[in-house]
Each structure stands twice: as C-alpha cells, then as structure tokens.
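# Commentary on secondary and tertiary structure
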Amino acid sequence: MSDSAMFKDQVAIVTGAGQGIGFEMCRQLVQGGAVVLLNDIDPALAAQAAAEIDPSGKTCIPFGGNAAELSFIQGMVQTAADRFGRLDVVIGNAGITLFGNFFTYPEQDFYKVLQVNLGGNFFLAQAAAKQMKEQAEGGSILFTSSVTGHQAHKDLAAYSMTKAALEMLAKNLVVELSPYRINVNTVAPGATLTERTLADPDYEKTWSRLTPMGRPATTLDIAQAAMFLVSKKARHITGQSLVIDGGWSSISPSPYDG
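Notes on the structure in this doc start here.

Rules of the game
- Residues numbered from 1 in each chain as written.
- Predicted model: local features only at pLDDT ≥ 70, side-chain atom pairs only at ≥ 80, totals over all residues.
- Heavy atoms only, no water.
- Pairing = 2+ DSSP bridges.
- Helix = DSSP H or I, 4+ residues; strand = E, 2+ residues; numbered from the N terminus.
- Axes fitted to C-alpha atoms, helices over the stretch in contact; angles between N-to-C directions.
- Contact = heavy atoms within 4.5 Å.
- Left-handed = near helix turned anticlockwise from the far one by under 90°.
- Nonpolar A, V, L, I, M, F, W, Y, C, P; charged D, E, K, R; others polar.
- Phe/Tyr/Trp six-rings, centres within 6.5 Å; stacked < 30°, edge-to-face > 60°.
- Salt bridge = Lys/Arg side-chain N within 4 Å of Asp/Glu carboxyl O.
- Buried < 20%, exposed > 50% of the residue type's maximum accessible area, 1.4 Å probe, protein only.
- Core = buried A, V, L, I, M, F, W, Y, C linked by side-chain atoms within 4.5 Å.

### Digging into the sheet that holds strand S3 (residues 60–64)
The strand order across the open sheet built from 7 strands is S3-S2-S1-S4-S5-S6-S9, with neighbouring strands paired in parallel fashion. Lying at the two open borders of the sheet, with one neighbouring strand each, are S3 and strand S9 (241–244). The sheet shows a mean angle of 15° between the axes of neighbouring strands, taken without regard to direction. Where strand S2 (residues 35–40) and S3 come together, 5 bridges link them in parallel fashion. Paired with Asn-39 across the bridge in S3 is Phe-63. In this fold helix H5 (residues 157–177) packs onto strand S5 (139–144), strand S6 (182–189) and S9, with an angle of close to 165° to the strand it touches most, S6.

Okay, structure coming up:
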C-alpha cells in the first residue's frame with residue numbers, strides 16, 4: 001500500500017492540532033487518504049489550520065473546543081460517527097506545559113496539567129474505544145508523550161509525571177482493548193521545532209548542540225513515526241512508546257549545564 005493510500009476511507013481525530021506536531025499529523029493523515037477532525041482549543045486556529053490542509057473543507061474538518069472536557073470529547077467522537085459513519089484513528093496530542101519550581105508550584109497549575117494531559121487523553125481514549133468496539137473492525141489510539149516522561153528535566157515535575165502516566169495508560173489499555181483489535185501506543189518526542197519553541201531564538205542552536213544527531217526534530221519527524229504506529233502496518237504493536245529525540249535520552253545532556 002502506498003503512503004498516499006495508507007489511510008484510505010478511514011476517519012481520524014487529532015486533538016491539539018492547530019499548529020506544531022498535531023497539525024503535521026493531520027496533514028499526513030489527509031495526504032494518506034483519511035478524513036480528519038482537527039481539534040484545537042482555539043476555534044479560529046482550528047479553522048485556519050484545517051483550511052490550510054484542505055481548502056475544500058472535505059477532508060480536514062475543524063473542531064474547536066476544549067479537549068479536556070468530557071462532554072466536548074464525547075461530542076467530537078459522536079460527530080465523527082454521525083457524519084462519517086466510523087472512527088478508525090484517534091491521536092491524543094493536546095497537552096500543556098506549565099514550568100515551575102517544585103517548591104513553589106501552584107496547586108491550580110498542577111491540576112490544570114493533570115486535567116488536560118491525563119484527563120483529556122483518558123476520556124478521549126474511552127470514548128473512541130467505545131465507538132471502535134461497536135464497529136468491530138479494530139482501530140488505533142495514539143498518545144503524545146515526551147522524553148521528559150523518561151528523563152528528568154528541571155521545572156517540569158508535574159508535566160513529566162503526566163507524560164510518564166500516559167505511557168502507563170497505553171500499556172494498561174492493552175489488557176482492555178486488545179480483544180477488540182484496538183492497539184494503543186505513544187510517541188515521545190524530544191526537542192522539536194514548532195511555532196512555540198522557535199519563539200526562543202536560542203532553541204534550535206542549543207538543541208542542535210545537545211542532540212547527538214546534530215539537530216532537534218521537525219514536526220514531520222514526529223508525525224511520520226506517528227503515522228506508522230496508527231497505520232495497519234503496526235496493528236501488532238501495542239502498549240509501546242517510541243522515543244523520537246535524535247538520541248538525546250541516551251546521554252541526556254541538560255540545557256542548564258555549562
């Protein structure tokens with residue numbers, strides 16, 4: 001099967017996809033033949049992103065709203081089922097990073113990170129798996145984790161905890177979802193060039209120095225790995241996390257050293 005037909009006749013949802021990694025995941029899915037519901041908490045950004053991927057509005061549909069709210073999550077999955085008759089691929093990419101010193105980390109930030117990064121993805125997987133179970137044809141669920149779920153990073157205790165927990169969620173769901181031919185995996189990006197990180201003028205230079213492969217990842221590097229894991233080529237891979245960091249986690253130099 002060619003890459004252009006990898007997701008032919010499939011329907012997908014990607015959360016947190018107005019820009020960055022999620023946006024590129026949507027673009028790759030559409031190029032592979034899928035119809036995609038592109039979610040972002042900012043409806044205007046979701047509409048802009050979807051129109052950039054497919055100006056016709058037929059294969060990339062914006063779905064603005066908070067992917068950490070249960071009613072919204074359920075509505076998004078139901079919309080996919082009602083409008084297109086099925087749901088084959090779900091990528092929980094929505095997440096927030098709130099840096100902070102452990103000793104002074106605010107309670108409200110802690111619970112906000114948990115609600116978005118864990119709660120949103122847990123209930124997205126739950127709603128999607130119910131739909132896939134009813135279809136009885138299997139499906140793929142993917143979470144976006146992080147290398148910080150594997151290696152300690154300054155001022156990211158709460159964030160890192162949620163990313164490690166997502167990987168354990170994927171492992172645990174193997175027990176729950178394998179009988180229905182639904183596989184569940186995670187990708188764990190390292191330093192990646194996105195609109196957010198490029199706002200730091202030193203980011204690319206710093207992480208090019210720290211990354212064994214000599215550069216940080218692009219959004220395409222992450223999205224292409226994700227496409228494999230949600231494709232039919234990877235249906236016997238489940239409960240796994242794929243680290244995509246140019247080798248950084250093998251040696252783990254800190255940007256705060258030196």
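### Details of the packing of helix H1 (residues 20–31) against helix H2 (residues 43–53)
Where H1 meets H2, the closest approach of the two axes is 10 Å, and the angle between their N-to-C directions is 35°. Here the hand of the crossing between H1 and H2 comes out right-handed. Here Phe-23, Cys-26, Arg-27 and Val-30 of H1 come into contact with H2, specifically with Ala-49, Glu-52 and Ile-53. For the contact of H1 with H2, the residue count by class is 5 nonpolar, no polar and 2 charged.

### Details of the packing of aromatic side chains
Per the counting criterion, the structure on display carries 6 aromatic pairs. Measuring from ring centre to ring centre gives 5.5 Å for Phe-63 and Phe-72, while their planes differ by 55°; the resulting arrangement is tilted.

### Describing the pattern of salt bridges
Side chains that carry opposite charge are capable of pairing whenever their charged atoms lie near each other. Scanning the entire structure with this criterion turns up 5 salt bridges. Note that Arg-86 and Asp-88 form a salt bridge whose closest N and O atoms lie 2.7 Å from each other. On the basis of relative accessibility, which here comes to 6%, the residue Asp-88 falls in the buried class. The closest approach of N and O atoms between Glu-137 and Arg-86, which form a salt bridge, is 2.7 Å. A residue pair is termed long-range when its members are at least 10 positions apart, and Glu-137 in the loop between helix H4 (107–135) and S5 and Arg-86 in the loop between helix H3 (70–84) and strand S4 (89–92) qualify at 51 residues.

### Points about the nonpolar core
General note: in soluble globular proteins, nonpolar side chains tend to be found buried as a group. Within the largest apolar cluster, 32 residues are counted, with the highest numbers of intra-cluster contacts made by Met-25, Leu-29 and Ile-91. Elements supplying a minimum of two residues to this core: strand S1 (11–14), H1, S2, H2, S4 and helix H7 (219–230). Residue contacts for Leu-29: discarding those within four places in its chain leaves Phe-7, Ala-12, Val-14, Ala-34, Val-36, Ile-91, Met-227 and Val-230. Of all hydrophobic cores here, the second largest spans 26 residues; its members include Phe-63, Ala-80, Leu-124 and Val-184.

### Concerning the side chain of Glu-24
Tracing the backbone shows Glu-24 in helix H1. Dropping the residues within four chain positions of it, Glu-24 is found in contact with Thr-219, Leu-220 and Ala-223.

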